[in-house]
Amino acid sequence: MSPKRSALPQWRTSRVNVPVFDYRVYHLTAWERTGYILVALAVAGALGYLFFGGLAVDQNGDPTTTTRVLDALAVGLPGILGARYFLRLRAEAIQQRNVKTLERQFRDVLDSLSSSLSSGSTVIQAFQIARDDLEKQYSPEAPMVTELNVIIAGFHNNVRIEEMVADLGERSGSKDIESFAEIFTIAYTKGADMKQAVHNTHLVLSEKMSIAEEIETSLVASKNESFIMVAIPIVLVTMLKTGGGSFADSLRTPVGVVCTLVALSLFVASYALARKIMTIKF
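The structure reproduced in this document is the subject of the present report. What you see is a predicted model; the values in this text were computed from it and never measured.

So, about the overall build of the protein. The number of helices and strands found in the protein is 11 helices and 2 strands. In sequence order, the secondary structure elements of the protein are arranged as α-β-β-α-α-α-α-α-α-α-α-α-α. Since a compact globule built from 282 residues should have a radius of gyration of about 19 Å, the 26 Å found for the protein marks it as more spread out than a globular shape. Dimensions of the protein along its principal axes, counting C-alpha atoms only, are 90 × 35 × 30 Å. Every one of the 282 residues in the protein was classed for burial, and the buried ones make up 37%. Long-range pairs, those at least 24 residues apart, make up 63% of the contacts in the protein with a sequence separation of at least 6.

Using the criterion set out here, one finds 10 salt bridges in the structure. Arg 160 is the salt-bridge partner of Glu 162, the closest N and O atoms lying 2.4 Å from each other. Taking the relative accessible area as the measure of exposure, Arg 160 reaches 49% and is therefore partly exposed. Salt-bridge contacts for Asp 167 lead to Arg 171; the nearest nitrogen and oxygen are separated by 2.8 Å. Here the residue Asp 167 and the residue Arg 171 both occupy positions in helix 6 (residues 161-172), the gap between them amounting to 4 residues, near one helical turn.

With that out of the way, let us pick up the side chain of Gln 10. On the secondary structure map, Gln 10 appears in the loop between helix 1 (3-6) and strand 1 (11-13). When its relative accessible area of 11% is taken as the criterion, Gln 10 is described as buried. When neighbours within four sequence positions are excluded, Gln 10 is seen to be in contact with Val 20, Phe 21, Asp 22, Val 25, Tyr 26 and His 27.

We now examine a nonpolar patch on the surface. Judged by side-chain polarity, Ile 228, Ile 232, Val 235, Leu 236 and Met 239 come together as a nonpolar surface patch covering roughly 480 Å² of accessible area. Relative to the helices and strands, Met 239 is located in helix 9 (residues 220-243). A residue is classified by how much of its surface remains accessible, and Met 239, at 55% relative accessible area, is exposed.

Looking now at the packing of aromatic side chains. A ring pair, where both rings are aromatic, is described by two values, the distance of the centres and the angle of the planes. In the structure shown here, the tally under the stated rule is 8 aromatic pairs. With centroids separated by 5.3 Å and ring planes inclined at 70°, the aromatic side chains of Phe 106 and Phe 180 adopt a geometry described as edge-to-face. You can see Phe 106 sitting in helix 3 (residues 65-118) and its partner Phe 180 sitting in helix 7 (residues 175-189), a full 74 residues away along the chain. Ring centres 5.9 Å apart and planes at 35° place the aromatic pair Phe 180 and Phe 184 in the tilted group. Residue Phe 180 and its partner Phe 184 are located together in helix 7, separated by 4 residues, close to a single helical turn. Among the aromatic residues, those joined into a ring-pair cluster are Phe 106, Phe 127, Phe 180, Phe 184 and Tyr 188.

Criteria and thresholds
- Residues numbered from 1 in each chain as written.
- Predicted model: local features only at pLDDT ≥ 70, side-chain atom pairs only at ≥ 80, totals over all residues.
- Heavy atoms only, no water.
- Helix = DSSP H or I, 4+ residues; strand = E, 2+ residues; numbered from the N terminus.
- Rg over C-alpha atoms; globule rule 2.2 N^0.38 Å.
- Buried < 20%, exposed > 50% of the residue type's maximum accessible area, 1.4 Å probe, protein only.
- Contact = heavy atoms within 4.5 Å.
- Salt bridge = Lys/Arg side-chain N within 4 Å of Asp/Glu carboxyl O.
- Patch = residues over 30% accessible without salt bridge, like charges linked within 9 Å, V, L, I, M, F, W, Y side chains within 5 Å.
- Areas by Shrake-Rupley, 256 points an atom, 1.4 Å probe, with all protein chains shown as cover.
- Phe/Tyr/Trp six-rings, centres within 6.5 Å; stacked < 30°, edge-to-face > 60°.

Quick look at the structure:
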């Protein structure tokens, strides 16, 4: 999520003076931030202690003052960094989930619009029918139902329908919905055949969405493998340190700490690279 987008407000006032959601961004609520921070602090702090805890003990294996200071750093620094990263990661994940939900419901809107226009309905009637269909299929509180209510309200308040559709395309965070808004605006203002324009757009966007879903499904196994790759060093180090033995003690030496730090850096970098590669933008 770019800094420019992250600065956008979550809600803004529409042309009919009702708040509308901006799907391009997601701001965590206070409760969400608190919960995610606590989870990240606990998990990242525990992992930090697992890999770098218990350093600088005395000859008898008892903790020293230096040990306690290093333990605090081993827990605190990963906890703070993990909390910051996890908050950004969760906000991005929720934002993308909201966009995918909107896109999935938007495909049904296109299907309804195409059928209604083909049967002779006017544009506003087609939007009303689509709204009624989605209410039955999902719920009156579904994102796309809410957006259709805003578009219909705008029409009844003398706001040009293409402006309302364009506003949805701008806020949607979806290239497909934005493309439809542009095509709809051009076709509606130029007096084109709306039935054919919506039908063709429906076919193209539906095929594109289907291909995108197939690609994402095919990447599930690879994403699971990347998670396993990250979990392997955690499991191995846990087994070594809980099972005892001289090898676990070698991890607490300066050389062992450096090797652990380098290995973790490589694993984290590999995971970040794999996540970037598997993030496909259509």
